[in-house]
Structures are given as structure tokens and as C-alpha cells.
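Coordinates in review
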Amino acid sequence: MTHHAVTAPFDHELLDHKIPDIDKEKLEKYCQQIYSIVGRESIDNEPIQDDTVSAYYKISRILYRHFHSLHGAMHLPIAESPSQKHHEKLLFQAKAIGHFIQKNSYKQVLELGCGMGFNGNYLAKKLVNVQFTALDLTPANLRFAKKNASASGNIHFLQQNFDELALNSTYDLIYSVETLCHSKDIGLLIKKLSKQLNPGGRIIIFDGYIKSKARNLETSVEKKAYKLMSWGFAMERFQTINEVLEAADQSGLQIVQTTDFSKNVLSNLLAFQKGAMHVLNYTWLLKALTRLGILPNALIKQITAGLLSAYFVRINYIGYYQIELKKGLQPQ
């Protein structure tokens, strides 16, 4: 298996050096604060099932709309320069996908895990001659997506678990933005996606993965923090980049390129980290409101994910990637 891996161009001024690193002592402190709010047993024993993920995104949409994007974006912004506005950074993924559609004259496009429809609706409004289908698990988010859909009627939303993909159509391009991380079997899913792809078609994935050369997490506090971060993203664990690439290779897909955008999302992750640190100054209040059922666990998960993800990106354990896969022109 061979593939072309590149690191995205990056301006080091994007990093906010005023935000300090979290050392092992602080990492332990923050882990204990999260456990004290929700309860360690509750976190360790929570099953990550479809209804867990759906409930997580149903509650999270309120936070995303108030603090991240009024237009319903639920993904990380990719910064290309320090002068960019937040909304422009959020459009990076959709514009990259739109480039593939226009360059190859693709007409049938499928999105897996569309959330509130930010990317799909942007693309459908820009590319009115292209037919878009978008799947998601959460009814509340689909209602928002449909409400803001293109007036040209070229986007169709379906409530469906992409792990149980059941569509009769085939597509020129299939894409996902920070959603395939929830797949219960990424190898089987990519095999299914390959069959849904027309010859010459592509799969474009934006997501966070454990790096191929990531060091082992040797300390107990890092292992604890990693487990908490996974819980914070409503996942059992992070997939490795090699899992995805090997699955693509075994499905007969060409791995055209993987691009590492970790540094381009780090400034935003550090901003989330700073906000989470501030909120955790009120641990006692969060604990009381959570135990009373006033604050949902999804909120504490968001705080946890925001608190810990920058740490694991900074130590080169987790990377944020764009993966481009292509199906050959000849039948497999």
C-alpha cells in the first residue's frame, strides 16, 4: 500500500502562544474535575450506541449554534491565514469538496453525517446542476438542514445510519466531515462505500485519527485523558489513520493523498481549550447542575473534548486529515 502524504501549508502566526501547554500535573487535575462532575463509573460504563450519538448531537447543536456557527456548522475550522474570519475557516472543507466536484464534472454526490446541513446546503446552493443526498442520524439536525436547504431542490436529506447504508443509487463522490469516526466497523463501511461509488469516483474524508507514528501513551494520566477525550466526542476510541488507509486498499481504492491539517486546526482547538479551562473554574456548580439533571451530559462531553483535544494534537498523537480515495475506471 502506498499513498502520498503531505502537510498543509501553515503560517505559524496562527498559533496563540499565550495559551500555555497542559503538563501532566494539570492533565491529572482536569481529569479528576471531569470525573467529579459526572462520576467515573457513569463515564466508564456508558455504552456508545446510536441513540447515545444521536442524543449527543441533538443537545450539541444548541451549543454549536450559539458559540460556533449560527449557520449550523458542526466541524473544526481550517485556518489558512491569521486574517481569516471564523466563518471563512469553516467553509474550507465544503470548498475543497466543491473543487473535486467541479474539476471532475461530478453530478451525483453523497454526504455521510450531514449534521445541520452546513456543508451540503452550501454546496447545493453553489452547484445547482449537481444532485446531493445527505444522511444523518439525528432528526432534530435534519429538520434544521431541511429548513435551510437550497430552493433549487437539488439536495435530499435522509435519516439513516451510514454503517447500515441502504441506498439503491451510486455516486460520483462520497464525502464525510468528522463523522466516519463514529463508524462501528470502518473496514466494512469503506467496502460498502466502494460499491456505491461510480468508476472514477472519489471518497473525501475529513477527520481526526491517531497518527501512524504516534508514540504509545505510556503514563496512566495520558491513558485516562485519552479515554475521557474519546468519551467527550461520544466515541469508544479514535481510529488510526492506518485503519482507514488499509481498509481503502483492501477495497481496491487508490489512496491518492492524505493531507495533515493538524496545525491548521490547532489554533481553534486551543481556543476551545481556553474556554473549557475557564468553565471548569466552576466545577462545583457544574457538578450540582449535572447531578440535578439541569445540565445534560452532552454539555460536559463538549467541555471535555474541548479541554483535552489540543493536548493530543500538540504531542502528535492525534492528527486532523483530509483523505482522498479514488475508484478505478475498470470494474473491480
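Residues numbered from 1 in each chain as written. Predicted model: local features only at pLDDT ≥ 70, side-chain atom pairs only at ≥ 80, totals over all residues. Heavy atoms only, no water.

1. Looking at the packing of helix H11 (residues 262–279) against helix H13 (residues 297–314)
Spelled out, the test is: Fitting a line to C-alpha atoms yields each axis, with helices limited to the stretch in contact; the angle taken between N-to-C directions then spans 0 to 180 degrees. Helix numbers and strand numbers start at the N terminus; a helix is a DSSP run of H or I with at least 4 residues, a strand a run of E with at least 2. The cut-offs work like this: below 35 degrees is roughly parallel, past 145 is roughly antiparallel, 65 to 115 is roughly perpendicular, and the gaps in between are oblique. By definition, turning the near helix anticlockwise from the far helix through less than a right angle yields a left-handed crossing, and turning it clockwise yields a right-handed one. Any two residues whose heavy atoms approach within 4.5 Å at even a single point are treated as in contact. Polar here means any residue other than Ala, Val, Leu, Ile, Met, Phe, Trp, Tyr, Cys and Pro, which are nonpolar, and Asp, Glu, Lys and Arg, which are charged; Gly is therefore polar.
Relative orientation of the contacting elements H11 and H13 amounts to 140°, with a least axis distance of 7 Å. When the interaxial angle is binned, H11 and H13 end up oblique. As H11 packs across H13, the resulting crossing turns out to be left-handed. Two secondary-structure elements touch here, H11 through Ser 262, Leu 266, Leu 269, Leu 270, Phe 272, Gln 273, Ala 276, Met 277 and Val 279 and H13 through Ile 303, Gly 306, Leu 307, Ser 309, Ala 310, Tyr 311, Val 313 and Arg 314. Here the residues of the contact of H11 with H13 sort into 12 nonpolar, 4 polar and 1 charged.

2. Comments concerning unusual backbone geometry
Keep this limit in mind: Burial classes follow relative accessibility: with a 1.4 Å probe on protein chains only, a residue under 20% of its type's maximum area counts as buried, one over 50% as exposed, and anything between as partly exposed.
Even without a glycine there, the phi angle at Ser 105 is positive, about 55°. Relative to the helices and strands, Ser 105 resides in the loop between helix H5 (92–104) and strand S2 (108–112). One non-glycine residue, Ala 234, adopts positive backbone phi at about 60°. Here Ala 234 shows up in the loop between helix H9 (220–232) and helix H10 (241–250). A relative accessible area of 0% places Ala 234 in the buried class.

3. A closer look at the pairing of strand S6 (residues 197–210)
Threshold: Any two strands between which DSSP finds at least two bridges are classified as paired. Classification remark: right-handed applies to a crossover when, strands pointing away from the viewer, the course from the first strand over the helix to the second runs clockwise.
Across the 14 residues that make up S6, a large majority, 13, are buried. Here 6 bridges tie strand S5 (residues 171–177) to S6, and the two strands are oriented parallel to one another. Bridge pairing in S6 places Leu 173 opposite Arg 202. Note that the unit made of S5, helix H8 (residues 186–196) and S6 has a crossover that is right-handed. When S6 meets strand S8 (residues 318–326), the two strands line up antiparallel, connected through 9 bridges.

4. Structural notes on the side chain of Asn 264
Test applied: We call two N or O atoms a polar contact when they sit within 3.5 Å, provided that within protein one can donate a hydrogen and the other can accept it, with sequence-adjacent residues counted only if both atoms are side-chain atoms.
Structurally, Asn 264 can be placed in helix H11. Taking the relative accessible area as the measure of exposure, Asn 264 reaches 3% and is therefore buried. Within polar-contact distance, the side chain of Asn 264 engages the backbone oxygen of Ala 79 at 2.8 Å.

5. Notes on helix H1 (residues 24–38)
How we decide: The length a helix should cover is 1.5 Å for every residue beyond the first.
Compared with an ideal rise of 1.5 Å per residue, which puts 15 residues at 21 Å, H1 spans 22 Å between its outermost C-alpha atoms and is within 8% of the ideal. Every buried residue of H1 is accounted for by Leu 27, Tyr 30, Cys 31, Gln 33, Ile 34, Tyr 35, Ile 37 and Val 38. For H1, the secondary structure elements touched by its buried residues are helix H2 (40–44), H9, H11, helix H12 (283–291) and H13. Taken from the residues just after H1, Gly 39 is the one with a positive phi, measuring 105°.

6. Focus on the environment of Glu 88
Positionally, Glu 88 belongs in helix H4 (residues 86–90). Taking the relative accessible area as the measure of exposure, Glu 88 reaches 35% and is therefore partly exposed. Polar contacts involving the side chain of Glu 88 include one to the side chain of Lys 95, which spans 3.1 Å.

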